[in-house]
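Commentary on secondary and tertiary structure
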Amino acid sequence: MTRPAPRVVEALNAALHRLFEERTSLHLLGEDVRDPYGGAFKVTRGLSARHPDRVLSTPISEAGITGVAGGLALAGDQAIVEMMFGDFAALAFDQILNLISKSVTMYGDRVPMPVVVRCPVGGNRGYGPTHSQSLQKHFLGVPNLALYETSPFHDPYAQLAEGLDRGPAMLFEDKVLYTRRMFRDGVVDEHHRYALRGGPTGWAHISSMDGAAADVVLICPGGTAHRALDAARLLRARGIAAHVLVPARLYPPDLEPVLPLLADARLVAVAEESTEGGTWGAEIAARVHARIWARLRAPVMLLNSADSVVPTAPHLEARVLLGAERIAEEIEAGAARSLPPRAPATPLPATPLAATGPETPGPETTAPETAEAGAREPEAGAADSAGPAAGVPVAVPKLNNNDTAYLVVRWFADDGAHLDEGDPLVELETSKAVEEIAAPAAGHLRVRAAEGSEVGVGELLAELLAEPPATPGPEAMPVPPPEPLPEPARAQEPGPAAARTHVLDRAQQGTAAVVTRAHREVPVAFAAVEVTVDAVLARLRTLSDETGAEVGLPEAVVKAVAAAHPAFPHLFGTLVDERTVRLADAVDIGVTVDAGNGLYIPVLRDCAGRSLADLSDDLMDFRLKAFRAEFTAGELSGGCLSVSLNTEPGVLFVQPIVMAPQLCMVSVGGPLTRLVLEDGVPASTTVVTLGLAYDHRVVNGRDAVAFLRAVADALHDAEKLVELVDGQ
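Residues numbered from 1 in each chain as written. Predicted model: local features only at pLDDT ≥ 70, side-chain atom pairs only at ≥ 80, totals over all residues. Heavy atoms only, no water.

Thoughts on a negative patch on the surface
The line we're drawing: Patches here: salt-bridge-free residues with over 30% relative accessible area, like charges joined within 9 Å, nonpolar side chains (Val, Leu, Ile, Met, Phe, Trp, Tyr) joined within 5 Å. Method for areas: the Shrake-Rupley scheme with a 1.4 Å probe, in which residue coverage is limited to the protein chains shown. Note on definitions: salt bridges are taken to be side-chain nitrogens of Lys or Arg within 4 Å of carboxyl oxygens of Asp or Glu. Positive charges are assigned to Lys and Arg, negative charges to Asp and Glu, while His and the chain termini are left out of the count. Lys charges are placed at NZ, Arg charges at CZ, Asp charges at CG and Glu charges at CD. What counts as a helix is a DSSP run of H or I of at least four residues, what counts as a strand is a run of E of at least two, and both are numbered from the N terminus.
A grouping of D713, D717, E719 and E723 is seen on the molecular surface, where their side chains present a negatively charged patch. Note on placement: D717 falls in the loop between α16 (701-716) and α17 (718-726).

So, in structure tokens, the structure goes:
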């Protein structure tokens, strides 16, 4: 089995160990950096055990720590300083500005200053205003001071080694990266690859596997890289090819390796988590403008977090910090002003449509590539002046792998209304969620599938016409709404003046639609067992300390469910007809995530073959995406079984639904304290309730209980627990 790529925190730790072996004069200073603590984020774990005289835990004085590091460098040694939180670098600013950076050239001859100040930065961890900032911009432009930022593409050893050799330097480490895996072998995911331009401390260039040229180039530091990748995926679904550039060194930047890519793009954007004003992005934009202004189609776009302190409350923090959805929206708006018209990204129907105007270019051909356009590039502003394509079809896209047809929930515009490219067009209900489809081009809407109707993948939803349709066709006539449910009897009806209402948001309406369909179509039965979890909780706490990942009971339950797959394959299948179940090849398990703005069921991939720490990384990512409502359709599809996580303390048990076409959903309740007798002595133990909702057409009660007992044994039995937690 291929060993998984290390997490960023492990790569940093390995880099420090290697540097300490190679450089006998290297010291590390910081608060609580010695074992067994190993630093607030475990980056320095094991260093003091191997190099006890050169790893020093210091008093709480950032200015003092940094000043001592400068003194060591002046005396001929080398030093790495760890700020417990990068926010506290403000307390060391005087030592960085007036001692370490100036000492390089202040004494007549150039003096080596091999000092690197490491700074954990960034939000998305709920640490609040003074522990979540991105302060990189405050150190830009200090003479002799180089700035680096960790990324999942760059080896931190190369960054630290170069920083010490050219010193002084600062290495900013976004805290959300610590538990994420490094990318390696040039592969990001099934759709994206990367290559390094300009050497190991140059730029990571992320592009699509199909080799599509860049419509947009998005430049971002390493901490924002995953959000930029998510934005690129969103833009890809909207017909915009986005490449991403991630530097290893922020300042001074070396743009030479990437200038040709920037010059060929129609839009360049810089995204960073800091607030606007005097930013790294503004510095990059100024240099790009100076070098290739004549080649740019539009000014470089700057994207930053809101002008605010970083709140502690997750839902407020999500509104302040720059997220993937906002990056995609801003770029899409900018692209609409600078990109030429594109053919629709949705698949076209196999049969030709009734002619309503000139033939529309196919999905592989953009308008400037047609014979009429020739080789000449369109003039600036052509996108704004071009009229809408006549008869642009809108076909039903493939939203997930489980469904071949979807329900038309509602149209956002009336038949005949004019829409701009990117405007909300229609909502389709899948077996997982309600998905919003945007208009692929500008035009007047001709509805071809009524609300309440079911449409297959590739079928025609609508057309976007150059002129308004004369009359709506029979296809556009809406299906009459169902009769309203009778109101429950009330002891006393309030008068109109006293009436109060609560309007369901779209996320809850989508959840209601999926649940209603499940109750209507699936004959569900339910079983539950209680399991003692003291041993697994203790082992998970140890595993979290060992790996730096936040591993908890949800990950353990998912892993235990996956371990039961070989013995109960039909519970992980899909009902094809009354007598046939299609068995799943991979154990991909959906998990419920509710951050207060809607219920999502994203899918954890290959749960049987991956470690608990890996699953923990994905679950952490899912929780962050739930706060921002940034899931893609692909992340919400493809599961062969789901787990409903309700692990808040005091939750007795939960009876879930079955998400067709799946056959089962496991539920796990919150931890409860029970008093038991152990050798006649009262003792407390912690239990949770595991439940299983199952499709009675396929699964019988005997199998359901046996399955639950197998999952419970994996969480409780000593021998199986070791295999569950310590194995893959």
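Regarding the packing of aromatic side chains
To keep it simple, the criterion reads: Each Phe, Tyr or Trp ring, with Trp reduced to its six-membered ring, pairs with another whose centre is within 6.5 Å; inter-plane angles below 30 degrees give stacked pairs, above 60 give edge-to-face pairs, and intermediate values give tilted ones. Relative accessibility under 20% of the residue-type maximum defines a buried residue, over 50% an exposed one, and the middle range a partly exposed one, all with a 1.4 Å probe and only protein chains included. Throughout this description, the term charge over a ring refers to an Arg CZ or Lys NZ atom that lies within 6 Å of the ring centre and within 35 degrees of the ring normal.
The full count for this structure, using the stated rule, is 12 aromatic pairs. Ring geometry for F139 and F172: centres 6.3 Å apart, planes at 45°, overall tilted. Within this pair, whereas F139 is found in the loop between β4 (115-121) and β5 (146-149), its partner F172 is found in strand β6 (residues 169-174), the two being separated by 33 residues in sequence. Per residue, the accessibility class of F139 equals that of F172, and both read buried. Aromatic side chains F153 and F183 sit 4.9 Å apart centroid to centroid with 25° between the ring planes, which places their arrangement in the stacked category. Here the residue F153 occupies a position in the loop between β5 and α5 (156-166), and F183 occupies one in the loop between β6 and β7 (192-197), the gap between them amounting to 30 residues. F183 matches F153 in its accessibility class, with the two residues each being buried. For R18, the ring lying beneath its charged end belongs to Y157, and the centroid distance is 3.6 Å.

Here we look at the sheet that holds strand β13 (residues 301-305)
The strands making up a sheet are joined through hydrogen bonds of the backbone, oriented either antiparallel or parallel. Our working rule: Note: two strands are recorded as paired if DSSP finds a minimum of 2 bridges between them. Between the N-to-C directions of two axes lies an angle of 0 to 180 degrees, each axis being a line fitted to C-alpha atoms and, for a helix, fitted only over the stretch in contact. Residues are treated as being in contact if the distance between any of their heavy atoms lies within 4.5 Å.
The mixed open sheet is built from 6 strands, whose spatial order is β7-β8-β10-β9-β12-β13. For this open sheet the edge positions go to β7 and β13, each flanked by a neighbour on one side alone. Sheet twist, expressed as the average angle between the axes of neighbouring strands with direction ignored, equals 25°. Contacting β7, β8 (203-208), β9 (216-219), β10 (242-247) and β12 (267-275), helix α6 (residues 225-237) crosses the sheet at an angle of about 170° to β10. Helix-sheet contacts for helix α8 (residues 280-292) involve β9, β10, β12 and β13, and the interaxial angle to β12 is about 155°.

Thoughts on the pattern of salt bridges
Pairing is possible between side chains of opposite charge, provided their charged atoms come close. The tally for this structure, following the rule as stated, stands at 29 salt bridges. A salt bridge links E273 to R227, with the shortest nitrogen-to-oxygen separation between them at 2.8 Å. Placement of E273 in strand β12 and of R227 in helix α6 is noted, with a sequence separation of 46 residues between them. Note on accessibility: E273 and R227 belong to one class, buried. Across the pair R610 and D618 runs a salt bridge whose closest N-O atoms are separated by 2.7 Å.

Comments concerning the sheet that holds strand β20 (residues 454-456)
The strand order across the open sheet built from 4 strands is β18-β17-β15-β20, with neighbouring strands paired in antiparallel fashion. Since the sheet does not close on itself, it has two edges, and those belong to β18 (434-438) and β20, each with one partner. Across this sheet, the average inter-strand angle for adjacent strands is 40°, counted without regard to direction. Bridge count for strand β15 (residues 405-411) against strand β17 (residues 424-429) is 4 bridges, and the pairing is antiparallel. Looking across to β17, one finds that W411 is bridged to V426.

Describing helix α1 (residues 8-22)
Quick reminder of the rule: Expected helix span is taken as 1.5 Å per residue step, with the number of steps being one fewer than the number of residues.
Between its first and last C-alpha atoms α1 spans 21 Å; for 15 residues at 1.5 Å apiece the expected length is 21 Å, and the two agree. V8, V9, A11, L12, N13, A15, L16, H17, L19 and F20 are the residues of α1 that are buried.

Remarks on the pairing of β4
Among the 7 residues of β4, 7 are classified as buried, and the element is accordingly described as predominantly covered. The two faces of β4 match: V115, V117, C119 and V121 on one face and V116, R118 and P120 on the other face are all buried. Here 4 bridges tie strand β3 (residues 78-82) to β4, and the two strands are oriented parallel to one another. Residue I80 lies in a different strand from β4, and its bridge partner there is V116. Pairing of β4 with β6 involves 6 bridges; the strand directions are parallel. Each residue of the ladder has a partner; that of V117, found in β6, is M170.

Examining unusual backbone geometry
In this structure, the amide linkage connecting G167 to the following residue, P168, adopts the cis form with an omega of 0°. Checked against the element boundaries, P168 lands in the loop between α5 and β6. For the bond from A660 to P661, the omega torsion is 10°, close enough to zero to count as cis. Along the chain, P661 falls in the loop between β29 (641-645) and β30 (664-668). The backbone of D32 shows a phi angle near 60°, a positive value even though the residue is not glycine. Its relative accessible area of 41% is what places D32 among the partly exposed residues. Here K42, not a glycine, exhibits a phi torsion of approximately 65°, which is positive. Mapped onto the fold, K42 is located in the loop between β1 (26-30) and α2 (47-50).

Points about a nonpolar patch on the surface
Together, L74, M106 and Y107 make up a nonpolar patch on the protein surface, roughly 310 Å² of accessible area in all. Turning to its location among the elements, L74 is positioned in helix α3 (residues 62-74).

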